[in-house]
Structures are given as structure tokens and as C-alpha cells.
Amino acid sequence: MITLALLTALQGAVAPPGSGPAPPVVVPFQVGEHLQYAVKIGMLRVGTGTMSVQGIEWIRGIESYHFVFTLEGGVPGYRVNDRVESWTGRSDMVTRRFLKSLREGSFALDQVLDFYPDSGHYLVNGQDPKPTPEDPLDETALFYYLRAMPLQVGQTYVSNRYYMVEKNPVRIQVTKRERLKLPDGRKVDCLLLEPVMAGHDLMMRRVRAQVWLTDDQRRIPVRMRVKTPYGTLTFVLESVSQRPPAGS
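In every chain, residue numbers begin from 1 and rise along the written sequence. The predicted nature of this model means local features are confined to residues of pLDDT at least 70 and side-chain atom pairs, given and counted, to a pLDDT of 80 or more, with totals for whole chains, interfaces and linings taken over all residues. With hydrogens and water excluded, all non-hydrogen atoms of the structure serve as input to the side-chain values.

Novice: What is the right way to read the overall build of the protein from this model?
Specialist: Only DSSP runs of H or I reaching four residues or more are called helices, and only runs of E reaching two or more are called strands; each is numbered from the N terminus. Each helix and strand counted, the protein has 2 helices and 14 strands in total. For every residue, the accessible area obtained with a 1.4 Å probe (protein chains only) is divided by the maximum for its type, and the residue is called buried under 20%, exposed over 50%, and partly exposed between those limits. By residue count, 48% of the 248 residues in the protein fall in the buried class. Looking at the protein alone, contacts between residues at least 24 apart form 51% of all its contacts between residues at least 6 apart. For every accessible area listed, the method is Shrake-Rupley and the probe measures 1.4 Å; residues are considered covered only by the protein chains on display. In the form shown here, the protein has an accessible surface area of approximately 11,600 Å², with 52% of it arising from carbon and sulfur atoms. Whether two residues are in contact is decided by their heavy atoms, any of which lying within 4.5 Å being enough.

Structure representation (C-alpha cells):
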């Protein structure tokens, strides 16, 4: 649930309410992109996280990006081994499949969510149909979609595309520009984003997550921070690499 808390809190907003879908024509990431993070609570390293564009695969006849997020680590007596995967249309940025494999302490969850956008529903492990908005996006897909948007400091963006309809709308504020260090030691300008989700202390404006994206064409997430019941987790970028697509 730590991984889902992170991804849910870091959801992006991509368009004003009521506007039609506006899938990005050019994305800032490439197939094979692999980002690795040191996961810390305060100054203590407690794990490693990764975000990858694993490859291009076909889901029900739709060419789709295969995104993967992993988190491994923990503290004595509490270990985490999470893997979240998303298959998202390459031409329309719509989720077709979302996989969760979570191992956190004594908690375990395995789910495959299959989305049928034309019918307005998704299935959990092949059954239990649930409603979903038009052109749904899961947490991981939303994060990559966010990277492709023309974000501006001082603007607030709103979206109703999160696949769980009761959690919409999602709002994200681009609050300021800060300079952060990349793994190679260079300092670059980054945009600080602060998302707020429906039902998550919206009136109080409490920030439950923050993400810093490089203010350039690549929009690389240099740092992420999220409050959880176990403390505030900070993801610090350790490396950026380009790997061969899976299966090549």
C-alpha cells in the first residue's frame, strides 16, 4: 500500500474540467528509460525504487507502453517488495491494463485490472465490473502523462480521468521553480508540483505529496516526497539509464 499511496498522491492533472482528451503528441521519455531512486526516511536509506518504460506491447489490438514501478526495502521487522505495471495506449494515452503485486509486511495483494474504455468499465481479476471515466488513466500512466504536459509555474491543472471515479477530480499546483542536483552533479531548474486529490483534505490544502520535474524537454522526476502512515518517504534520483526494450 506504500507504493499505491505514493503513486496515488503523485497523480497528475492534465486538462481543465469538461475538456476533451488531449493526449500528448510528443512524449519526453523513450522506450528503455530506467530511473533509479534511493528511498529515504529522513537521512536513513530504507530502500530502492525504480520507474521504467519497459517496452511496447499489444493489449487487445492496441499498441501500448509498458510502464513499471518497483519499490524494495523496509526496516527491521517490516519489508516491502512492490511491483506496479501499466499498459497504456501509445497513441491515445488510455490505460488498458493495470497490475498490482504488493508485499508489505504481512499485507499481500495481487490484482490485474483490465480496462474497456468503450464500455466505461474495468474488471478486477476478470470479474467484479466497476465504472470508470472516459479515457481512464491509472496512477502510473497519469505520472507519465503529466511529464508530457506544458506545465507553467503558478498554474493549477484539473482532471477527471483517474480510473476510480470517486477519487476525481485531481488537482495539481505548479507552485515554483527550484534548483536541484542531478546524479552527475549538475544543478538544473526543476518545477515543484503539489497534487491534491478529492477527499484528501482539499479544503485544508494540505500537501500530501511533492514532485520535482526537470524544467526541460525530458521532465525527469528528480525528487519525490510523500507522507505515509510510516513517515515521510523521499525518493532521490540516483541514476538515469537507457536499457534495451524487454524481449529485444
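Novice: Which parts of the structure should I look at to understand the confidence of the model for the protein?
Specialist: Should the pLDDT be low somewhere, the predicted coordinates at that spot are not to be read in detail. Each residue gets a pLDDT score, which is the predictor's confidence in that residue and runs from 0 to 100. For the protein, per-residue confidence averages 85 on the pLDDT scale, and 83% of positions sit at 70 or higher. Averaged over each element, pLDDT in the protein is lowest for helix H1 (residues 2-9) (50) and highest for strand E6 (residues 107-116) (97). Within the model, pLDDT remains below 50 along residues 9-24, and this stretch shows 46 contacts once partners closer than five positions in the same chain are excluded. Scored below 50 in pLDDT, residues 199-207 makes 9 contacts in the model with residues more than four places away or belonging to other chains.

Novice: Could you clarify how one ought to interpret the pattern of salt bridges in this entry?
Specialist: Opposite charge on two side chains permits them to pair, given that their charged atoms come into close proximity. Criterion for a salt bridge: a side-chain nitrogen of Lys or Arg within 4 Å of a carboxyl oxygen of Asp or Glu. A full pass over the atoms with the stated rule returns 14 salt bridges. Linking Lys176 and Glu178 is a salt bridge whose minimum nitrogen-to-oxygen distance equals 3.0 Å. Residue class for Lys176 comes out partly exposed when judged on its relative accessible area of 40%. One network of salt bridges, with partners in common, ties together Arg60, Arg97 and Asp114.

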